Structures are given as C-alpha cells and as structure tokens.
Amino acid sequence: MPLPSRNSPDSAKRQRALAFKTHVEPELPVLFRVALTLTGSPADAEDLVQETVIRAFRALDRFDGRHPRAWLLTILRNTNMNMHRRQRPDLVEDWDAMGDPRPAFGAERLVSAEETVLDDILTEDLEAAVNSLDNRFRTVLLLVDVDRLTYAEAAEALGVPVGTVMSRLGRARDRVRAHLRAHTSSFGRTP
Amino acid sequence: MITSLRRMVTCHWSARRIGRYLDNDPTAPLAPAEVKRLESHLAVCEKCSGVTAEHRALSRALSRWSQQRLPDQAALARLHATLDRITAQGGQ
C-alpha cells in the first residue's frame, strides 16, 4: 500500500497513520517470535517489539511502503543492538511462547512409515541438540525452522547476507541430526 | 568402480541441496534441472533418501515445538494497544 505524501494536509496524516497500522499489525506476532529468539526472554521480547514499533513510526517517512516485514526486521535488529540487550538465543525461557509457524518445509504431505518412526524424537533430546549448537548456528535454525522466517527475512533480522544464513542453517541442521542420531534410538535408523 | 564413484559424487552433490529442496525458499530455489537430478537420485539412493527423511523429521519436530501453545495473547494485546496509541497520536 503506497504511503501518502508527507506534505499533504491533516487528512493525509491520518491516512499515513492508518497505512502504518495496516502494515505493522499483521507483523506483530512474527516480530514477537523473532524478538523472543533474539532476546531469549518474553519480557525483553515485548519491550523490544514496543520500541521497534515506536522507532518504525518515527522512521515512517523513509519507508516506501514495500516489504514491511523486511523493513520492520531491520529496525528490530538495530533496536536490539541499540538497547544493548543480551543476545542469548540459547536461553529462550519459554519455548511454548513461540507459536503459530508456517508449515514445516513448505507443503503438507503424507508421512511415510519410516518417517513416522523418525518422528519419535523426544523434546528433551531435541532441546539438548539445539542447545549444543554455537549461538550463530542456533539463532539461524530458530529463526528459520521455529519462527518460520524465509532465508531473506532471517538475513534481515541478523544483518548478514542470505548466503551466510544458508550455510549456517545447513551446518546447524547437520549437527542437530548428528546429535539426534547419536542420542535418539529411532532417529536415522530405518524400521 | 566408475558407477560407485559416480554415485558417491552425486550423493555429495545431493547432500548440499536437500535442505534447499525441502525448504523451497523463494530466496534460493533450486533450478528445475537440479530438482530433476536430485529427485532421480533420491529415488534410487537409500542413504540420501534416509537423510531426506531425517531432515523432514527434524523439521516437523521443530515445528511441533513452536505449535505447543498459542503466542502469549496478553503480550500481543499490549503490543496492539501500543500500535493503536501511536497511530492515534500520530494521525492527529
């Protein structure tokens, strides 16, 4: 939705505020999940998103109305750095707070018998595997596979190139699979 | 000998693309020719199809992790209220 010109009367001001709300409102759950991954605490995540929304509104004149999620993720990342919050994704306090993802790996599909056996992954094994990762790898894995960001959105949230997201994601998944293979009886073994 | 070496090279090539194939991310889609080659290999290679099954199982497990409960509705409500306040003040 294009934003009205800055030099228009009061009605345009209201329209701009309304356009801002239209852009930001649907992104609040995503921003909250990403903030939770970056800060590791629901309270800090809420503070971070509040501050992000305020800063985004102040920066509205520099927003062209395209790709609001990418724009907001960039502001969230900069805000997080400016707030000097701890960035310890390994200390997510409440995994249950991270919900409403897009479907895993895209399309829904039928699950084979072999995969049903592989699905027998205990939550504690998975947590241990993810927590054993280095911060850089863990954060990318959480942003893409739990928060369901695209590669490009994760790159915006972290301020790194897409290629870096892809390589870190690949290594993170390989390491988690290796960990699960070593610690979960059914994972990696055909029935 | 040559056949097994060729299979090994294809396994290595496939291993580097399975994640992207399953993600189907708009930023980095595989080329149609790559998809065709990968799917042909997965149809005949037990090792690589096993790796693919592991990837899918891991993805579902991580997805379940985040689906266990709805997001904190009270926090989301406060964020919506903040947004309402900012836009109401900014629109005046």
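Criteria and cut-off values
Residues numbered from 1 in each chain as written. Chains lettered and ligands numbered in written order. Predicted model: local features only at pLDDT ≥ 70, side-chain atom pairs only at ≥ 80, totals over all residues. Heavy atoms only, no water. Helix = DSSP H or I, 4+ residues; strand = E, 2+ residues; numbered from the N terminus. Rg over C-alpha atoms; globule rule 2.2 N^0.38 Å. Buried < 20%, exposed > 50% of the residue type's maximum accessible area, 1.4 Å probe, protein only. Areas by Shrake-Rupley, 256 points an atom, 1.4 Å probe, with all protein chains shown as cover. Lys, Arg positive; Asp, Glu negative; His and termini not counted. Charge placed at Lys NZ, Arg CZ, Asp CG, Glu CD. Expected span 1.5 Å × (residues − 1). Arc of directions from axis to C-beta. Salt bridge = Lys/Arg side-chain N within 4 Å of Asp/Glu carboxyl O.

Each helix and strand in chain B was counted, giving 5 helices and 0 strands. Ordered by position from the N terminus, the helices and strands of chain B form the series α-α-α-α-α. The globule rule puts the C-alpha radius of gyration for 92 residues at 12 Å, and the 22 Å found for chain B is more than 25% above it. Taking the principal axes of the C-alpha coordinates as reference, chain B spans close to 75 × 30 × 15 Å. The 92 residues of chain B split such that 47% are buried. Of the roughly 5,300 Å² of accessible surface on chain B, 57% is carried by carbon and sulfur atoms. The positive charge centre, built from 14 side chains, and the negative charge centre, built from 8, are 6 Å apart in chain B.

Following the sequence through the fold, Ala-77 of chain B ends up in helix α5 (residues 73-90). As a C-alpha pair, Ala-77 of chain B and Val-9 of chain B span 68 residues in sequence and 53 Å in three-dimensional space.

Spacing of three or four residues puts side chains on the same side of an α-helix, whose turn is 3.6 residues. All names here are of chain A. Taking 1.5 Å as the rise per residue, helix α1 (residues 10-24) with 15 residues should run 21 Å; its terminal C-alpha atoms sit 21 Å apart, in good agreement. Residues Ala-12, Arg-16, Ala-17, Ala-19, Phe-20, His-23 and Val-24 constitute the buried set of α1. For α1, the arc enclosing every buried residue in end-on projection is 160 degrees, short of the 170-degree limit, so these residues lie on one face. Turned more than 90 degrees away from the buried face of α1 sit Asp-10 and Leu-18, all of them exposed.

As a further point, take the pattern of salt bridges. All names here are of chain A. Evaluation of the coordinates by the stated rule reveals 14 salt bridges over all chains. In this structure, Arg-16 and Asp-61 form a salt bridge, with 2.4 Å as the shortest nitrogen-oxygen distance. With Arg-16 in helix α1 and Asp-61 in the loop between α3 (42-58) and α4 (68-82), this residue pair connects regions lying 45 residues apart in the sequence. With relative accessibility at 39%, the residue Asp-61 sits in the partly exposed group. Between Glu-51 and Arg-55 there is a salt bridge whose closest N-O contact spans 3.1 Å. Residue Glu-51 and its partner Arg-55 are both found in helix α3; the two are separated by 4 residues, about one turn of the helix.

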